[in-house]
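What follows is each chain in one-letter form.
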Amino acid sequence: MLLSGKILFTLPFLKYQRKDPEVYMLTKKQEARNEVCKNDELSVTDDLAPPHIQPIEIISYKDYKTRKVSTEVPQDNLINPLTHSAKENKGIRPQKDPVTKPVTKPPSHGIINCFLNIFSKDLAIDLGTANTVVYMKQKGIVLNEPSVVALHKNGREKQEVLAVGMDAKKMLGKVPPNISAIRPLRDGVITNFEVAGLMLKHFIKKVREGLALSKPRIVIAIPSGLTSVEKRAVKEAAEQAGAREVFLIQEPMAAAVGAKLLVTEPRCNMVIDIGGGTTEVAVISLAGIVSGRSLRIAGDEMDSAIIHYIKKKYNFIIGMATAERLKITIGNACPDIDKPETMEIKGRDLVSGKPNILTITSEEVREAISDQINAIAEAVRGVLEKTPPELAADIIDRGIVLTGGVALLKNLDKYINEITRLPVRTDASPLLTVAIGSGKILDSKNILKLVAVK
Ligand SMILES: Nc1ncnc2c1ncn2[C@@H]1O[C@H](COP(=O)(O)OP(=O)(O)OP(=O)(O)O)[C@@H](O)[C@H]1O
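Everything quoted here is computed from the prediction, not taken from an experiment. Throughout this description, residue numbers start from 1 for each chain and increase along the sequence as written. Under the rules for a predicted model, residues below a pLDDT of 70 receive no local features and side-chain atom pairs below 80 are neither given nor counted, while totals for whole chains, interfaces and linings still include all residues. Heavy atoms from the whole structure form the basis of all side-chain values; hydrogens and water molecules are not counted.

### Notes on the site of the ligand
The ligand sits among 22 residues. The nearest are Thr129, Ala130, Asn131, Glu324 and Lys327. Two N or O atoms count as a polar contact when they lie within 3.5 Å, although within protein this holds only if one can serve as hydrogen donor and the other as acceptor, and sequence-adjacent residues are included solely when both atoms are side-chain atoms. Residue Ala130 places a main-chain N or O atom 2.7 Å away from an oxygen atom belonging to the ligand. A distance of 2.8 Å separates an oxygen atom of the ligand from a polar atom in the backbone of Thr278. Here the accessible surface of atoms and residues is derived via Shrake-Rupley with a 1.4 Å probe, and residues count as covered only by protein chains that are part of the display. Bound to the protein, the ligand loses 93% of the 660 Å² it would expose on its own. Here a residue counts as near a molecule or strand whenever at least one of its heavy atoms sits within 4 Å of it.

### Examining the pairing of strand E17 (residues 269-274)
For E17, the tally of buried residues reaches six of six residues, placing the bulk of the element in the interior. Categorising residues by exposure relies on relative accessible area from a 1.4 Å probe, with only protein chains included: less than 20% of the type maximum marks a residue as buried, more than 50% marks it as exposed, and the intermediate range marks it as partly exposed. Numbering of helices and strands runs from the N terminus; a helix is a DSSP stretch of H or I covering at least four residues, while a strand is a stretch of E covering at least two. Judged by which residues are buried, E17 turns out to be covered on both faces: Asn269, Val271 and Asp273 on one side and Met270, Ile272 and Ile274 on the other are all buried. Pairing between E17 and strand E18 (residues 279-285): six bridges, direction antiparallel. For Met270, the partnering residue across the bridge sits in E18 and is Val283. A pair of strands is labelled paired if DSSP reports no fewer than 2 bridges between them. Between the end of E17 and the start of E18, which pair antiparallel, lie four residues.

### Structural notes on the sheet that holds strand E22 (residues 355-361)
Reading across the sheet, the three strands line up as E20-E21-E22 and stay open at both edges, with antiparallel pairing between neighbours. The open sheet terminates on both sides in strands that have one partner only, identified here as strand E20 (316-317) and E22. Note: E20 against strand E21 (residues 342-349), two bridges, orientation antiparallel. In the sheet register, Phe316 faces E21, and the bridge partner there is Asp349. The contact criterion used throughout is that any non-hydrogen atoms of two residues lie within 4.5 Å. Interaxial angle, 0 to 180 degrees, is taken between N-to-C directions of lines fitted to C-alpha atoms, where a helix line uses only the stretch in contact. Across the sheet, helix H9 (residues 320-330) is in contact with E21 and E22; its angle to E21 comes to roughly 170°.

### Section: the UniProt feature "binding site: ATP" (unreviewed entry) in the chain
Per the UniProt entry, the sites bearing "binding site: ATP" (unreviewed entry) are Thr129, Ala130, Asn131, Gly276, Gly277, Thr278, Glu324, Arg325, Leu326 and Lys327 in this numbering. Inspection of the secondary structure puts Thr129 in the loop between strand E7 (123-127) and strand E8 (131-136). Those residues in contact with Thr129, other than ones at most four positions away along the chain, are Ser147, Arg183, Leu185, Arg186, Asp187, Gly188, Gly276, Gly277 and Asp300. With respect to the helices and strands, the residue Gly277 is situated in the loop between E17 and E18. Accessibility expressed as a relative area gives 2% for Gly277, which makes it buried. UniProt positions are given in the numbering used here, feature names are shortened, and annotations may be inferred rather than shown by experiment.

This is the structure:
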């Protein structure tokens with residue numbers, strides 16, 4: 001039962017308060033444990049009422065101050081906001097003869113709204129070499145942008161952010177000396193810590209516009225081959241970008257969950273996630289990776305190989321963006337005899353030194369990227385060889401799932417099927433699978449506990 005009474009806010013209590021205008025929420029948990037939640041831990045929306053918590057009252061720091069001589073608040077609910085413990089709430093003296101009349105407002109829709117927001121602010125991020133995709137709890141995918149930052153050199157030391165994401169990607173290879181367009185990750189690893197932090201901060205701010213009060217918990221998918229130093233860099237970048245708590249999970253696990261594979265069952269699933277910087281091949285069972293390989297060969301290496309091929313064969317220079325367009329538009333992993341394709345590209349002729357146009361065939365693009373495709377095939381064979389026989393039987397039944405942007409390369413599924421003789425399917429939205437899977441893991445405390453990387 002809730003009691004109310006006059007409460008004296010005395011000095012020892014006030015010294016716990018910070019001067020900034022925070023909001024405190026008095027809550028009552030059904031297990032009869034009461035808490036005061038600070039604004040950076042809770043936010044409220046109408047639709048997400050967790051059953052074990054009922055908002056009782058929201059009061060601002062200003063309100064606390066104005067009520068400092070005598071305040072009526074249900075005593076059961078008074079907790080030291082910093083310790084979150086009723087016992088330690090020494091500065092608050094309950095009235096001897098409490099008045100039973102409750103003084104709290106009945107929870108309005110606004111309050112519940114506000115309260116439930118708390119749980120919708122947590123984020124899952126696929127911090128990719130090529131693209132960053134953000135999933136927000138209760139909302140789904142809220143951002144999908146290239147992992148690029150454009151910086152303007154302002155004076156000697158100072159650099160200011162000019163553009164992030166798609167706008168910055170448009171500048172790649174086209175900037176004057178005082179501007180640099182930077183990709184802060186390479187091969188799935190943060191190579192420019194400061195810029196990666198700026199990028200994350202920008203994306204987090206963008207998706208949490210209007211929800212600025214509380215810090216989110218963030219789940220980040222990372223390649224399975226990262227060293228502990230590389231993992232720490234990701235964690236610290238997210239913390240500096242404003243995360244309250246950071247959980248790292250392995251990309252292939254997130255990909256498997258995103259592709260709707262039942263990862264916690266004693267059945268085997270095989271995923272191949274091919275992104276911009278890394279290829280992850282993994283056999284997953286009982287929420288763990290039974291056998292797997294992480295290669296630092298993927299879409300970016302293919303783009304570089306196309307540039308190199310065209311330069312060598314035609315003495316013709318193209319940029320990364322043109323190479324990527326070639327790969328996406330006419331690239332393929334094995335020939336489509338009926339439909340050989342061609343594409344015109346613009347670049348610079350090395351002999352004449354002038355800009356020129358060249359026509360490239362799909363056959364040539366396949367030849368250019370054949371080393372990367374072979375390396376991926378080799379990794380798949382290696383993982384299959386290491387898979388225990390019982391689990392291999394599961395893979396025969398269930399097949400292989402392809403995720404990541406390069407899964408969209410024409411005929412890649414056909415090629416993997418040819419080399420493995422196993423059924424292969426490409427996930428429905430391979431560019432989003434890891435982020436969707438990370439989001440599902442964020443939504444499930446139990447799975448998060450099982451798969452979070454230490
Ligand atoms: N239709 C397509 N065909 C071939 N490749 C594609 C296609 N669409 C996108 N890609 C490639 O997919 C890669 C980006 O994939 P994705 O966004 O999954 O990678 P990422 O998560 O940023 O990278 P990583 O996980 O390796 O850090 C790029 O190399 C891009 O060129």
